[in-house]
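# Survey of secondary and tertiary structure
Now for the letters of each chain:
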Amino acid sequence: MLQGILLTAAVPLGTSLLTGCGSGTPGQPAGDGSSNGRKVINFWSQQFEDWQSAWEKKHVAAFNASQKKFQVNLQIVPADAWAQKLKAAQAAGNGPDVYTISYGNIGSAVSTGALAPLNDLIKGQYLDDIDPSIAKFVSAKSSPSASLKQYAYPWLVEPSTVMFYRKDLFQAAGLDPDKPPTRWDQLPDIAAKLKKGNVYGLGTASVAADLSWSSWGLQQNAAGHYPVKTDWSSADPTIAPYQELANFYKSLYTSGGMPKQALSAYADGTPLGQGKLAMQITGSWFIGLLRQQFPKMEDKIAAAPMVSIDGDQTRPTATLGGWTLAIDAKSKVQEGAADFITYMLASGDDVMMDYFKASGWSKYATRTSIVKAIDADSSAQADPFRKLITDKIVKYGVPEATYPIDLSTDMATAIEKTMKGTSADQALATAKQQMNQYINNNKLVGTNTQSSVQSGS
Amino acid sequence: MTTSNTDAGVAATNALSSTGAASAAPVEARTTDRTPRTKRHRHPRRDNLVAYLMLAPMVVLLIIFVIIPFINAGYLSFFNWSFYKPSEFVGFRNYVNVLEDPDFLGSIGRGLYFAAMVVPTGMILAFVFANVVKGLGKKLSGFVKTSVYIPTIISGVIASIIFVVIYDYSGGILNWFLGLFGVQPIAWLADPSIALPALAVPAVWIGFGITALIMLAGMLDIPDSYYEAASLDGAGWFKQMLFITIPSLKNVILYLLIAGFTAAIQEINLPLVMTQGGPLNSTLLPNLYLFNHFTQDTYQGMPIAGALLLFIVLGAISAAIFSILNSDKAVDG
């Protein structure tokens, strides 16, 4: 009976007792401790692809060897354990000094005072090198009267919605592989045509947990904005474009070409690599998976921008998600942490070029100088996916929604309900009521720390 | 029904001591007769001191890991708490927010429905199984008992993954098997009407072994003389089960009901790994609701308030079961 309480209630006390006065890294001293005369910086990174962990280990070691003042201790944390581990450590006052944080979470972290601003810690020339459109993602005001500051250094961006498809199966179904669909209303028919035996025509998100974030790009595609106002004063998901969006997902689900139960989570492109799907909507990170795990399939698979509501592919279809490095507001080694971030992400070209090469050019740079360096690289120029995704998807990409995920989940639940039989009208009306209740109960009005750098309804 | 191993051990001890009271009582009576009253109470203070010393470690641990966090949780539930900025007192707002959230109330109702599927099913299967094992030879029953206990020691996460593979839509064993009879693939974990029952199956499977062994322990402690006397009076198998076995297992059943209900309502591994609470929240059980809010919310007051409300719900359920099934001392004839 007490498990329920201990799950949350014991966190503040229990974690402090368990972790004691040490760092969150067992066996390591705290952030203000020292190791061989060096000050220790605890760096927690969420676990991504294996090649990325190898890159992190290699360059953390290089940083430690490059100077004698600081010792960075890298801890790679599995994604499914990340949130509770970080929260428990922060509750106990043992959070890491530097950690990975996604663009969408920066705003709420700033609102609670969890992040240290970088403007006084990292040289201006390195902050100025950030692409201006990406710099907005990491900028926020800690209070309405505070000045706009940068709270994280962008690492990479990756569009969350790309349409990957099998050219050979297109041909076999009598479709032109050089002319993938461009409009919403074309996709259900094509998915149905591509269904052959155990190979399904299309895979995409079909449950609220996945739809909550993967549908952001199409919400923008339909309406040009999110259903929540920029000042977070109210939400209206019942407008006609969102009804069209919910019905679009329903048409996919009922087309006969899509499995009734997703073959994988939205972020996992494995079924396409395994040959179980003819088309899969997922993020650009699939390119890395394809090259690492399914190299024999690479010639058979092409990428295209996601279909648009009216066929206009200059409308956004994808959000630009991705990762940054931030410094904990309570860290006692903020200057060293800033030096480390500068070494890894901000200064010179070598470290980041090594990263993007290792990614198989499947990630996209956030610094103007790195974008130029990649454009000049012959292997990047020859990459079949890179130019298309850069020019046709990233170019029109939009930032992720930064309001609490509960609101996105309400919207996603409405879409899922519509897919599974409820009318879009009714489902979205319920979502509207729930979203506005959440806004009122949690007093969200005026708490968006990034409202000054966002455009919205 | 998912009971922890520690709970199981305590239950087995309770079951044995309670149902075994009939045989133990005469021994105790004999000992008491031979022990002079004055000698027994010669060093009461020393006895008390030893008892307190033996209790102390558990009391200290309970204070550190249960009582203080509990009081701290009650205090924090009245604040917006974010670890970095000073907490803001919000009165009962966190409680109001939780109670106004249809997802929380829905998760409580769903938890009760889930427990109602899992606990009685598990107990009936365990009862039947224990009856069968009781009649087996020593070697065979040892093998069967060990086999049936294995799911209990498998991690809930591993069990969840095993059943995800079984329920997989396009390559799962279950749909493959049904396909042999021409049945189209079923979306076991994506259809809101069947996802929760689909989760109940592994829950029963995980808890079956320990429930069955506790039942068996209780049954083995019922004196054979009861059955012999009943046979002489002409009672058949069914009447013996109804008037001897079940009443003698009353305390065991009470324990299993309370432990089973509280564990089933609090199930988190299965929905977290298998469905993440979907589809359409149809598998969002209370602890997963709290876990999601703990990991996603900007402030922590609301999940703590929710945890305390869940505590009240679980306490009320336990009290209700106690009052319905009075926990008397064992029936010793």
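Up top is the structure these notes are about.
Worth saying up front: this structure is predicted, and the values here are computed from it rather than measured.

### Let's talk about the overall build of chain B
Counting its regular elements, chain B contains 16 helices and two strands. The 333 residues of chain B split such that 44% are buried. By element, 69% of the accessible surface of chain B is carried by carbon and sulfur atoms, the whole surface being about 17,100 Å².

### Quick look at the interface of chain B and chain A
With 52 residues of chain B at the interface, the matching set in chain A holds 48 residues. Carbon and sulfur atoms supply 64% of the area buried between chain B and chain A, which totals about 4,400 Å² over both sides. In terms of surface lost to chain A, no three residues of chain B exceed Tyr-84, Tyr-169 and Phe-294 of chain B, which account for 18% of the buried area on that side. At the surface where chain B touches chain A, the tally comes to zero salt bridges. Summed over the shared surface of chain B and chain A, the result is 13 residue pairs in polar contact (both at pLDDT 80 or more). Contributing elements (two or more residues each) for the side of chain B that touches chain A: helix H4 (44-76), helix H5 (93-100), helix H15 (286-296) and helix H16 (301-324) of chain B. With nine residues, the single largest contributor to the side of chain B that touches chain A is H4 of chain B. Residues of the side of chain B that touches chain A, tallied by class, amount to 32 nonpolar, 14 polar and six charged.

### Things to note about the sheet that holds strand E10 (residues 301-305) of chain A
Residues and elements named next belong to chain A. Spatially, E9-E8-E10 is the arrangement adopted by the three strands of the open sheet, whose pairing is antiparallel. The sheet terminates laterally at strand E9 (279-282) and E10, the two strands that pair on one side only. Direction aside, neighbouring strands of the sheet carry axes that sit 25° apart on average. Here strand E8 (residues 162-166) runs beside E10; their pairing, made up of five bridges, is antiparallel. Bridging from a neighbouring strand, Val-162 pairs with Pro-305 of E10.

### A few points about the side chain of Asn-221 of chain A
Residue and element names in this part refer to chain A. Residue position: Asn-221 is located in helix H11 (residues 216-223). Residue classification places Asn-221 among the buried positions, given a relative accessible area of 0%. Excluding residues within four positions of it along the chain, Asn-221 makes contact with Trp-184, Ser-308, Ile-309, Arg-315, Pro-316 and Thr-317.

Rules of the game
Residues numbered from 1 in each chain as written. Chains lettered and ligands numbered in written order. Predicted model: local features only at pLDDT ≥ 70, side-chain atom pairs only at ≥ 80, totals over all residues. Heavy atoms only, no water. Helix = DSSP H or I, 4+ residues; strand = E, 2+ residues; numbered from the N terminus. Buried < 20%, exposed > 50% of the residue type's maximum accessible area, 1.4 Å probe, protein only. Areas by Shrake-Rupley, 256 points an atom, 1.4 Å probe, with all protein chains shown as cover. Contact = heavy atoms within 4.5 Å. Buried area = accessible area lost by both parts, 1.4 Å probe. Salt bridge = Lys/Arg side-chain N within 4 Å of Asp/Glu carboxyl O. Polar contact = N/O pair within 3.5 Å; in protein donor to acceptor, adjacent residues only side chain to side chain. Nonpolar A, V, L, I, M, F, W, Y, C, P; charged D, E, K, R; others polar. Pairing = 2+ DSSP bridges. Axes fitted to C-alpha atoms, helices over the stretch in contact; angles between N-to-C directions.

As far as function goes, none of this settles anything; it's purely spatial.
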